[in-house]
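Fold and geometry: a report
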Amino acid sequence: MKILVVGLGSIGMRHARNFKTLGVEQLIGCDLLEERRQKFSSEINGDIVSTLEKGLYKKPDLVVVASPNRFHLEQAKTSARNGCHLFIEKPVSHTLEGLDDLITLVDEKSLFAHIGSKWKFHPAFKTMKKIINEGSLGKITGAQVIAGQWLPDWHPWEDYRNMYSAKKDQAGGIVLDSHEFDYLTWLLGPISKVSGYTAHTGALDIETEDIAVACMQFESGVL
Ligand SMILES: NC(=O)c1ccc[n+]([C@@H]2O[C@H](COP(=O)([O-])OP(=O)(O)OC[C@H]3O[C@@H](n4cnc5c(N)ncnc54)[C@H](O)[C@@H]3O)[C@@H](O)[C@H]2O)c1
């Protein structure tokens, strides 16, 4: 199998290392930054390219979209048009506009597409799912999630103010970190109503929101 990894930052390199460990022989790395491409080349020993288009020219079977949020949808659609299976890092998109086109492309070309929302594979979350499904807790009527992280700890090797999550033009911000919405719908079913607030408290020197609250009603009635 030939795999093209687009975006050779924290998670892109982690995927590349995992593929290498799993024995994938043909790995291609794509990044805008020369220094990231060189790191991939020396560590993974794969081909390197500076654009997605150059990578697609090498006819990969699978494209891993691990670039900043802003680019996910367009890069996924371009890759799907070229007949590549997809692993798209979360969030699949920063906007609903154009998302249906991706779904249609994937269907029409019978492609495999997976979103990197990984918590569903964690043993603790699998246990929660099992307990809920078995019904031993009775009917679930409400759920509360409090999630928080300190952004400067995410990538200690770089200035957090320059990270994609700090930047509006890269569709950063905590809402699009999105894991909570993903595992809550997995555990409790589809959401029917949502309202919320986001704020920029100034605790961090970033352009995007640094705190958010969402109030959701699920189709099952759970609040
Ligand atoms: N599933 C998870 O748990 C998980 C964990 C971390 C990150 N992510 C997601 O992965 C994505 C990347 O996160 P990260 O922490 O690796 O960020 P990062 O900043 O470390 O890496 C992003 C890389 O993409 C490159 N890049 C920027 N624009 C590009 C373009 N147009 N084409 C190709 N490369 C481009 C950058 O130069 C950088 O090297 C984000 O969307 C994030 O939400 C998911």
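Keep in mind the model is a prediction, meaning the values are calculated, not measured.

**Brief notes about helix H1 (residues 10–21)**
With twelve residues, H1 extends 17 Å from end C-alpha to end C-alpha; this agrees with the ideal 16 Å at 1.5 Å per step. Residues of H1 that are buried: Gly-12, Met-13, His-15, Ala-16 and Phe-19. Viewed end-on, H1 has its buried residues packed into an arc of 155°, placing them on one side of the element. Across from the buried face of H1, at angles greater than 90 degrees, the exposed residues are Arg-14 and Thr-21. Where H1 is buried, its residues contact strand S1 (2–6), strand S2 (26–30), helix H2 (34–44), strand S4 (62–65) and strand S5 (85–88). Gly-23 sits one or two positions beyond H1 and adopts a positive phi of about 95°.

**Some thoughts on unusual backbone geometry**
The peptide bond linking Lys-90 to Pro-91 adopts the cis configuration, its omega dihedral lying at -10°. Considering the arrangement of structural elements, one finds Pro-91 in the loop between S5 and helix H5 (99–108). With a phi close to 50°, Ser-110 is a non-glycine residue in the positive phi region. Along the chain, the position of Ser-110 falls in the loop between H5 and strand S6 (113–115). Judged by its relative accessible area of 62%, Ser-110 is exposed. The phi torsion at Ala-171 lies on the positive side, around 60°, for a residue other than glycine. Locating Ala-171 in the fold gives a position in the loop between helix H6 (123–134) and helix H7 (179–188).

**Here we look at the layout of surface pockets**
The calculated volume of the second largest pocket comes to roughly 290 Å³. Lining the second largest pocket, in full, are Lys-90, Pro-91, Val-92, Ile-115, Ser-117, Val-175, Leu-176, Ser-178, Phe-181, Asp-182, Thr-185 and Ile-191. The residue makeup of the lining of the second largest pocket, split by class, is seven nonpolar, three polar and two charged. Each of two domains, domain 1 (2–116) and domain 2 (124–218), supplies a minimum of three residues to the lining of the second largest pocket.

**Details of the site of the ligand**
For the ligand, the set of nearby residues contains 24 residues, the closest of which are Asp-31, Asn-69, Glu-89, Gly-116 and Lys-118. In the model, an oxygen atom of the ligand is placed 2.9 Å from a nitrogen or oxygen of the Ile-11 main chain. Here an oxygen atom of the ligand sits 3.3 Å away from a polar atom, N or O, in the main chain of Ser-67. The fraction of the free accessible surface of the ligand (840 Å²) that becomes covered by protein chains is 89%. Taken together, the elements giving at least two residues each to the shell around the ligand come down to H1 and helix H4 (72–81).

**Topic: the packing of aromatic side chains**
Following the criterion strictly, the structure yields two aromatic pairs and no others. Centre to centre, the rings of Trp-119 and Phe-125 are 5.3 Å apart; their planes meet at 45°, and the pair counts as tilted. For Phe-125, a relative accessible area of 11% corresponds to the buried category. Here the aromatic rings of Phe-125 and Tyr-183 are separated by 4.6 Å at their centres, their planes lie at 55°, and the arrangement is tilted. A residue pair is termed long-range when its members are at least 10 positions apart, and Phe-125 in helix H6 and Tyr-183 in helix H7 qualify at 58 residues. For Tyr-183, a relative accessible area of 10% puts it in the buried group. An aromatic cluster is defined as three or more aromatic residues linked by ring pairs; in this entry it consists of Trp-119, Phe-125 and Tyr-183. Sitting over the face of the ring of Trp-186, Lys-129 holds its NZ or CZ atom 5.0 Å from the ring centroid.

The rules behind these values
- Residue indices follow the written sequence of each chain, beginning from 1 at its first position.
- Note on the predicted model: pLDDT of at least 70 is required for a residue's local features to be given, and 80 or more for side-chain atom pairs to be given and counted; whole-chain, interface and lining totals, by contrast, use all residues.
- The side-chain figures draw on all heavy atoms in the structure; neither hydrogens nor water molecules are used.
- Each helix is a run of H or I in the DSSP string that is no shorter than four residues. Each strand is a run of E no shorter than two, and both are numbered from the N terminus.
- Given a helix with a known number of residues, its expected span is that number minus one, times 1.5 Å.
- Exposed residues in this analysis have more than 50% of their type's maximum accessible area, buried residues have under 20%, and partly exposed residues fall in between, with area computed by a 1.4 Å probe over protein chains only.
- It is the directions from the helix axis to the C-beta atoms that the arc portrays.
- Whether two residues are in contact is decided by their heavy atoms: any pair within 4.5 Å suffices.
- A cavity here means a set of points on a 1 Å grid, drawn over the protein atoms and nothing else, where a 1.4 Å probe fits but cannot get out; a pocket is an open set with protein on both sides within 12 Å along at least five of seven lines, and a residue lines either one if it has an atom within 4 Å of a point.
- Grid points are joined across faces, edges and corners, and a volume is the space filled by probe spheres set on the points.
- Residue polarity is assigned by list, with Asp, Glu, Lys and Arg as charged and Ala, Val, Leu, Ile, Met, Phe, Trp, Tyr, Cys and Pro as nonpolar; anything else, Gly included, falls into the polar class.
- Boundaries of every domain are those given by an automatic assignment or by a domain database.
- Residue proximity to a molecule or strand is established when one non-hydrogen atom of the residue lies within 4 Å of it.
- By the criterion applied in these results, polar contacts are pairs of N or O atoms within 3.5 Å in which, for protein atoms, one can donate a hydrogen and the other can accept it, and in which residues neighboring in sequence qualify only through two side-chain atoms.
- We get accessible surface area from the Shrake-Rupley algorithm with a probe of 1.4 Å; when it comes to residues, only the shown protein chains can shield them.
- Centres within 6.5 Å are what make two rings of Phe, Tyr or Trp a pair, Trp counting through its six-membered ring; a difference in plane orientation under 30 degrees is then read as stacked, over 60 as edge-to-face, and the rest as tilted.
- Criterion for a charge above a ring: Arg CZ or Lys NZ at most 6 Å from the ring centre, at most 35 degrees from the ring normal.

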